[in-house]
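A closer look at the structure
The residues making up each chain are set out below.
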Amino acid sequence: QVQLVESGGGLVQPGGSLRLSCAASRSIFSTYVMGWYRRAPGKQRELVAYISTGGTTAYADSVKGRFSISRDNAKNTVYLQMNSLKPEDTAVYYCNARSTPVYWGQGNQVTVSS
């Protein structure tokens, strides 16, 4: 059974940092691109970042230079390091595997507020 287990959400002040983690099953993690999406209230879900099995990364323009996606192959875990957080980063963040069908983590609330 494919499982994506997220952790690391929470409340942080503007300008602060937070790191999200997503642990996946080995068969999925070693095969497919892993990504992070987010959905803010009243807005569409958007791609934040992704990382391929070979380590190629890409970012949404809104987070480029502030967020960093990485993966630890030994731990079957993908991370999203979020720095210089802004209130507009407030959203539920979801890990996903770009398999067919796609698999999603449970979602983690990230709130950026003073």
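This section reports on the structure supplied with the text. (Residues numbered from 1 in each chain as written. Predicted model: local features only at pLDDT ≥ 70, side-chain atom pairs only at ≥ 80, totals over all residues. Heavy atoms only, no water.)

1. Quick look at the state of the cysteines
- Summed over all chains, the structure comprises one disulfide.
- Each disulfide pairs two cysteine sulfurs, and for C22 the partner residue is C95, the sulfurs being separated by 2.1 Å. Residues C22 and C95 are joined by a disulfide whose S-S torsion is about -75°; by sign, that bridge is left-handed. Remark: C95 occurs in strand β9 (residues 91-97) and C22 occurs in strand β3 (residues 18-24); sequence separation between them is 73 residues. Comparing C22 with C95, the two get one shared label, buried. (Disulfide = S-S within 2.5 Å. Helix = DSSP H or I, 4+ residues; strand = E, 2+ residues; numbered from the N terminus. Buried < 20%, exposed > 50% of the residue type's maximum accessible area, 1.4 Å probe, protein only.)

2. Some thoughts on the environment of P87
- Within the element layout of this structure, P87 appears in the loop between β8 (77-82) and β9.
- The residues touching P87, leaving out its near neighbours within four places in the chain, are P14 and V112. (Contact = heavy atoms within 4.5 Å.)

3. Focus on the packing of aromatic side chains
- Going through the model one piece at a time under the given rule, you end up with two aromatic pairs.
- Taken together, a centroid distance of 5.1 Å and an interplanar angle of 65° make the contact between Y37 and W104 edge-to-face. Pair noted here: Y37 is in strand β4 (residues 34-39) and W104 is in strand β10 (residues 103-104), with a separation of 67 residues, a long-range link.
- Judged by centre distance (6.3 Å) and plane angle (90°), the rings of Y94 and W104 are edge-to-face. Here Y94 is found in strand β9, whereas its partner W104 is found in strand β10, with ten residues between them in sequence.
- Residue class for Y94 comes out partly exposed when judged on its relative accessible area of 21%.
- A relative accessible area of 30% places W104 in the partly exposed class.
- Here the aromatic residues Y37, Y94 and W104 are joined through ring pairs into a cluster of three or more.
- Residue placement shows R45 over the ring face of Y37; its charged tip is 6.0 Å from the ring centre.
- Above the ring of F29, the side-chain terminus of R71 is found at 4.0 Å from the ring centroid. (Phe/Tyr/Trp six-rings, centres within 6.5 Å; stacked < 30°, edge-to-face > 60°. Lys NZ or Arg CZ within 6 Å of the ring centre and 35° of its normal.)

4. A word on the sheet that holds β8
- Judged by pairing direction, the sheet is antiparallel, and its four strands sit side by side in the order β1-β3-β8-β7 without closing on themselves. Looking at strand neighbours, the two that pair on one side only are β1 (4-7) and β7 (67-72), the edges of this open sheet. With direction set aside, neighbouring strand axes in the sheet form an average angle of 15°.
- Summarising the sheet, β3 and β8 pair through six bridges and their orientation is antiparallel. Each bridged residue has a counterpart across the sheet, and for R19 the counterpart in β8 is Q81. (Pairing = 2+ DSSP bridges. Axes fitted to C-alpha atoms, helices over the stretch in contact; angles between N-to-C directions.)

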